[in-house]
Amino acid sequence: MLDAGHTEEALLEVNNIEVIYNHVILVLKGVSLSVPKGGITALLGGNGAGKTTTLKAISSLLQSERGEVTKGSIHYRGERLEGLDPAGLVKKGVIQVMEGRHCFEHLTVEENLLTGAYTRSGAEVARDLEMVYEYFPRLRERRKSQAGYTSGGEQQMVAIGRALMSKPETILLDEPSMGLAPQLVEEIFGIVKSLNENEGVTFLLAEQNTNVALRYAHYGYILESGRIVMDGPAADLRENPDVKEFYLGMSDDGRKSFRDVRSYRRRKRWLS
Amino acid sequence: MPVAFLNFMEVTMNGLMAGVLYALVALGFVLIYKASGIFNYAQGVMALFSALTLVGIMEGQVPFSHLINALLGTEIHHFGWHINAFFGILFTMVVMVGLAYCVQRFVFRHLVGQEPIILFMATIGLAYFMEGLGDLMWGSDIKTLAVGLPQGGSFAIEDLTATWAAEGERYYGMYIDQLDIVATVVAAILVIALVLFAQYTKQGRAMRAVADDHQAALSVGISLNFIWVLVWSLAGFVAIVAGVMWGAKSGVQFSLSLIALKALPVLMLGGFTSIPGAIVGGLIIGVGEKLFEYQFGPMLGGATENWFAYVLALLFLVFRPQGLFGEKIIERV
């Protein structure tokens with residue numbers, strides 16, 4: 001088991017990157033992280049911390065949003081990724097599942113899944129479609145319906161299933177819990193875990209829901225306004241008093257009350 | 001059958017066939033709009049440009065001959081060959097694919113992520129550029145396009161329908177233009193081919209995926225540039241068909257590009273995002289304007305065809321803005 005999540009082999013290595021949007025807005029101020037093969041690595045932090053930007057910098061989806069990696073480097077299996085387009089990355093085995101699911105609404109569920117296999121062809125595609133249906137039996141029932149009319153949880157399954165269809169080695173999963181009921185969040189994370197264990201898919205997971213993410217991940221990084229402020233094995237982070245207080249809403253004397261928000265602000269300054 | 005009913009039928013038939021041509025132009029709009037959100041003002045000029053190119057290639061005209069002659073003092077105008085229509089159309093298709101690539105490479109690649117209004121203005125610029133380019137390449141004189149399509153009324157239909165009238169009535173049969181019949185058949189084939197392509201091929205599926213969500217399409221490894229070149233090429237092929245049909249009817253000249261204006265009400269009626277909508281919208285407008293002219297034209301002083309389509313479109317804008325078949329915005333609550 002990958003308890004610490006840190007095996008020797010780092011699949012993806014992000015080294016001190018800086019990202020600037022529109023030539024002026026500095027969003028990431030030197031983020032470094034490493035994703036080990038076969039692990040689930042969580043990237044945690046609040047709104048606007050830079051989680052999504054980090055993932056998009058890796059998957060080169062930044063280009064279409066006028067964002068740019070201006071410093072640092074991103075390596076995958078030792079090769080530099082900058083300059084590759086998203087299609088090239090998908091062929092290398094890195095695919096991003098975007099925040100907010102982004103299904104193709106007017107395509108059926110099955111067409112959505114097949115679109116995921118755009119970069120591949122041959123008989124394996126049909127076999128992988130079967131595999132996706134094995135993991136997400138609900139999608140098999142709804143294969144003929146338009147993705148736009150399926151529920152939020154089903155759309156998240158479509159989005160993950162679609163990424164699986166590209167036969168990825170690494171999935172960059174952005175906020176799978178967004179807008180889903182707690183029960184569904186557990187279900188989705190359960191599937192992520194089994195994909196990780198059974199299919200050997202490596203995950204880099206951006207989440208706001210620190211509680212759930214740290215239960216399923218092996219290793220975690222905490223981002224705050226464009227910087228990594230803390231990292232460690234998920235089990236350690238769960239026990240860290242500051243993480244407990246700022247991200248899990250707990251303190252030594254039980255649950256934190258909103259009355260103490262001001263002290264929260266003051267004390268948090270050490271992090272950045 | 002009474003003569004009045006036969007006349008009504010004839011007008012309807014002619015309307016349907018005019019509608020097919022409108023639909024053809026509208027189809028080009030829909031293809032590009034769906035896949036890239038660009039309202040392509042240049043679609044009409046693309047039809048003109050393709051018709052000019054086709055004539056030029058078939059007649060063996062030297063492109064830019066005026067320019068070359070003026071610069072070098074030479075007197076070249078013709079290569080001295082004639083190419084038959086089939087190969088002419090094939091070459092024109094190649095030219096349109098090249099054009100699609102250039103448009104994507106030099107204009108829209110640099111405008112990714114811009115406001116729709118900016119993209120629209122770029123297509124206006126493109127329209128004028130292509131108009132000038134067409135003139136410069138092939139000259140601005142009116143050309144006749146002889147691709148060997150049949151012209152004139154169909155005698156078979158005239159003879160057949162003449163016998164339908166009741167005994168003793170003076171009726172000489174319906175006038176149906178043969179060119180219209182050909183245009184209808186060709187347009188039908190084109191539409192069926194397009195729909196099959198979009199529904200059942202991998203690239204067609206990718207095309208629809210891009211239409212739905214650029215970012216997501218990008219994230220699964222679809223190359224937007226490739227899909228956009230593909231879509232502009234398809235719109236170019238549609239423009240060739242529209243250009244050939246209208247060009248054969250009324251000569252290849254500048255006014256050909258104005259058929260784009262007739263496509264606008266069709267789009268408002270059928271919806272900007274629906275291929276079937278473009279077809280049905282075209283047919284409704286075609287039949288509607290011909291019947292209206294036939295029934296009410298004399299009362300209103302004639303020439304109702306000029307405005308009928310726009311008034312109909314206006315009514316649709318008020319009561320059903322997404323058109324008959326436009327995609328409803330799916331919003332989950």
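Residues numbered from 1 in each chain as written. Chains lettered and ligands numbered in written order. Predicted model: local features only at pLDDT ≥ 70, side-chain atom pairs only at ≥ 80, totals over all residues. Heavy atoms only, no water.

Helix and strand counts for chain B stand at 13 helices and zero strands. The N-to-C order of helical and strand elements in chain B reads α-α-α-α-α-α-α-α-α-α-α-α-α. Its C-alpha atoms put chain B at 70 × 70 × 40 Å along the principal axes. Expressed as a percentage of the 333 residues in chain B, the buried residues total 50%. The contacts in chain B between residues at least 6 apart in sequence include a share of 73% that link residues at least 24 apart. Carbon and sulfur atoms form 70% of the exposed surface of chain B, whose accessible area is close to 15,500 Å². Each charge class in chain B was averaged separately, 14 positive and 20 negative side chains, and the resulting centres sit 15 Å apart. (Helix = DSSP H or I, 4+ residues; strand = E, 2+ residues; numbered from the N terminus. Buried < 20%, exposed > 50% of the residue type's maximum accessible area, 1.4 Å probe, protein only. Contact = heavy atoms within 4.5 Å. Areas by Shrake-Rupley, 256 points an atom, 1.4 Å probe, with all protein chains shown as cover. Lys, Arg positive; Asp, Glu negative; His and termini not counted. Charge placed at Lys NZ, Arg CZ, Asp CG, Glu CD.)

Residues at a pLDDT of 70 or more form 98% of chain B, whose mean pLDDT is 87. Confidence, read as mean pLDDT per element, is least for helix α6 (residues 155-162) of chain B in chain B (81) and greatest for helix α4 (residues 85-107) of chain B (93). (pLDDT = per-residue confidence, 0-100.)

If charged atoms from side chains of opposite charge come close, those side chains can pair. Across all of its chains, the model carries 22 salt bridges over all chains by this definition. For the salt bridge of R120 of chain A with E124 of chain A, the shortest nitrogen-to-oxygen distance reads 3.3 Å. Overall, the relative accessible area of 15% leaves R120 of chain A in the buried class. For E289 of chain B, the salt bridge is made with K290 of chain B, and the minimal N-O distance between the two is 4.0 Å. Neither residue differs from the other here; E289 of chain B and K290 of chain B are each classed as buried. Three or more residues are tied together by salt bridges with common partners; here these are R120, E124, D128 and K167 of chain A. (Salt bridge = Lys/Arg side-chain N within 4 Å of Asp/Glu carboxyl O.)

Accessible area lost on assembly of the parts is the figure often given for the size of an interface. Between chain A and chain B, the contact holds 35 residues from the first and 27 residues from the second. Of all residues in chain A, the largest losses of buried area upon contact with chain B belong to F104, H106 and Y118 of chain A, amounting jointly to 28% of the total for that side. Linking chain A with chain B are one salt bridge. For E111 of chain A, the salt bridge goes to R208 of chain B, with nearest N and O atoms at 2.8 Å. Looking at the side of chain A that touches chain B, the elements with two or more residues in it are α2 (86-92), β6 (94-97), α3 (109-116) and α6 (152-164) of chain A. It is α3 of chain A that provides the largest number of residues to the side of chain A that touches chain B, a total of four residues. Grouping the amino acids of the side of chain A that touches chain B by side-chain chemistry returns 13 nonpolar, 14 polar and eight charged. (Buried area = accessible area lost by both parts, 1.4 Å probe. Nonpolar A, V, L, I, M, F, W, Y, C, P; charged D, E, K, R; others polar.)

Before going further, it helps to spend a moment on the side chain of Q215 of chain B. Tracing the backbone shows Q215 of chain B in helix α9 (residues 214-219). When neighbours within four sequence positions are excluded, Q215 of chain B is seen to be in contact with K56, L61, S64, E65 and M98 of chain A.

All names here are of chain B. Where helix α1 (residues 3-36) contacts helix α11 (residues 259-270), the two axes come as close as 8 Å, and the packing angle between them is 75 degrees. As the angle between them shows, α1 and α11 are arranged roughly perpendicular. Of the residues in α11, those in contact with Y22, V25, A26, F29 and V30 of α1 are I259, A260, K262, A263, V266 and L267. A class-by-class count of the residues in the contact of α1 with α11 yields 10 nonpolar, no polar and one charged. (Axes fitted to C-alpha atoms, helices over the stretch in contact; angles between N-to-C directions. Parallel < 35°, antiparallel > 145°, perpendicular 65-115°, else oblique.)

Residue and element names in this part refer to chain A. Strands sit in the order β2-β1-β4-β5 across an open sheet of four strands; the sheet is antiparallel. Each end of this open sheet is capped by a strand with a single partner; those strands are β2 (25-36) and β5 (79-80). Where strand β1 (residues 10-21) meets strand β4 (residues 67-76), eight bridges bridge the pair, whose relative direction is antiparallel. Bridge pairing in β4 places E18 opposite K71. (Pairing = 2+ DSSP bridges.)

Residues and elements named next belong to chain A. Taken domain by domain, chain A consists of domain 1 (10-239) and domain 2 (240-272). Here the C-alpha centroids of domain 1 and domain 2 sit 29 Å apart. In total, domain 1 and domain 2 occlude about 1,000 Å² of area from one another, counting both sides; carbon and sulfur atoms represent 61% of this. Taken as a group, E224, M230 and E239 account for 42% of the area that domain 1 buries against domain 2, more than any other trio of residues on that side. Summed over the shared surface of domain 1 and domain 2, the result is zero salt bridges. The interface formed by domain 1 and domain 2 holds three residue pairs in polar contact (both at pLDDT 80 or more) in total. Residue assignment for the side of domain 1 that touches domain 2 shows that the elements contributing at least two residues are α8 (210-216), β9 (219-224), β10 (227-233) and α9 (234-239). Take the side of domain 1 that touches domain 2: its biggest share by element is four residues, from α9. A per-class count over the side of domain 1 that touches domain 2 returns six nonpolar, four polar and four charged. (Domains from an automatic or database assignment. Polar contact = N/O pair within 3.5 Å; in protein donor to acceptor, adjacent residues only side chain to side chain.)

What follows is about the sheet that holds β9 of chain A. All names here are of chain A. Read from one edge to the other, the open sheet built from six strands follows the order β6-β7-β8-β3-β9-β10, with strand pairing classed as mixed. Edge positions in the sheet fall to β6 and β10, since each of these pairs with one other strand and no more. Each strand of the sheet is rotated relative to its neighbour by a mean of 15 degrees, with strand direction disregarded. Here β9 pairs with β10 via six bridges, running antiparallel. Paired with I222 across the two strands is M230, which belongs to β10. Across the sheet, α6 lies against β6 and β7 (170-174), angled at about 170 degrees from β6, the strand it touches most. Along the sheet, helix α7 (residues 182-199) contacts β3 (40-44), β7 and β8 (202-207); its crossing angle with β8, the most-contacted strand, is approximately 155 degrees.

To continue, consider the packing of helix α2 (residues 43-59) of chain B against helix α5 (residues 116-138) of chain B. Residue and element names in this part refer to chain B. Close contact between α2 and α5 brings their axes to 9 Å; oriented N to C, the two are set at 15 degrees. Compared by their axis directions, α2 and α5 come out roughly parallel. Considering how the two elements wind past one another, α2 and α5 form a crossing that is left-handed. Along its contact with α2, which presents V45, M46, F49, L52, T53, G56 and I57, the element α5 presents A127, M130, E131, L133, G134, M137 and W138. When its residues are assigned to classes, the contact of α2 with α5 shows 10 nonpolar, three polar and one charged. (Left-handed = near helix turned anticlockwise from the far one by under 90°.)

With that settled, the discussion passes to the pairing of β1 of chain A. The side chains of a regular strand alternate, residue by residue, between the two faces of the sheet. Residues and elements named next belong to chain A. By the bridge criterion, nine bridges tie β1 to β2 in an arrangement that is antiparallel. The partner of A10 across the bridge, within β2, is P36. Count of turn residues in the β1/β2 antiparallel hairpin: three residues, of which N22 carries a positive phi of about 55 degrees.

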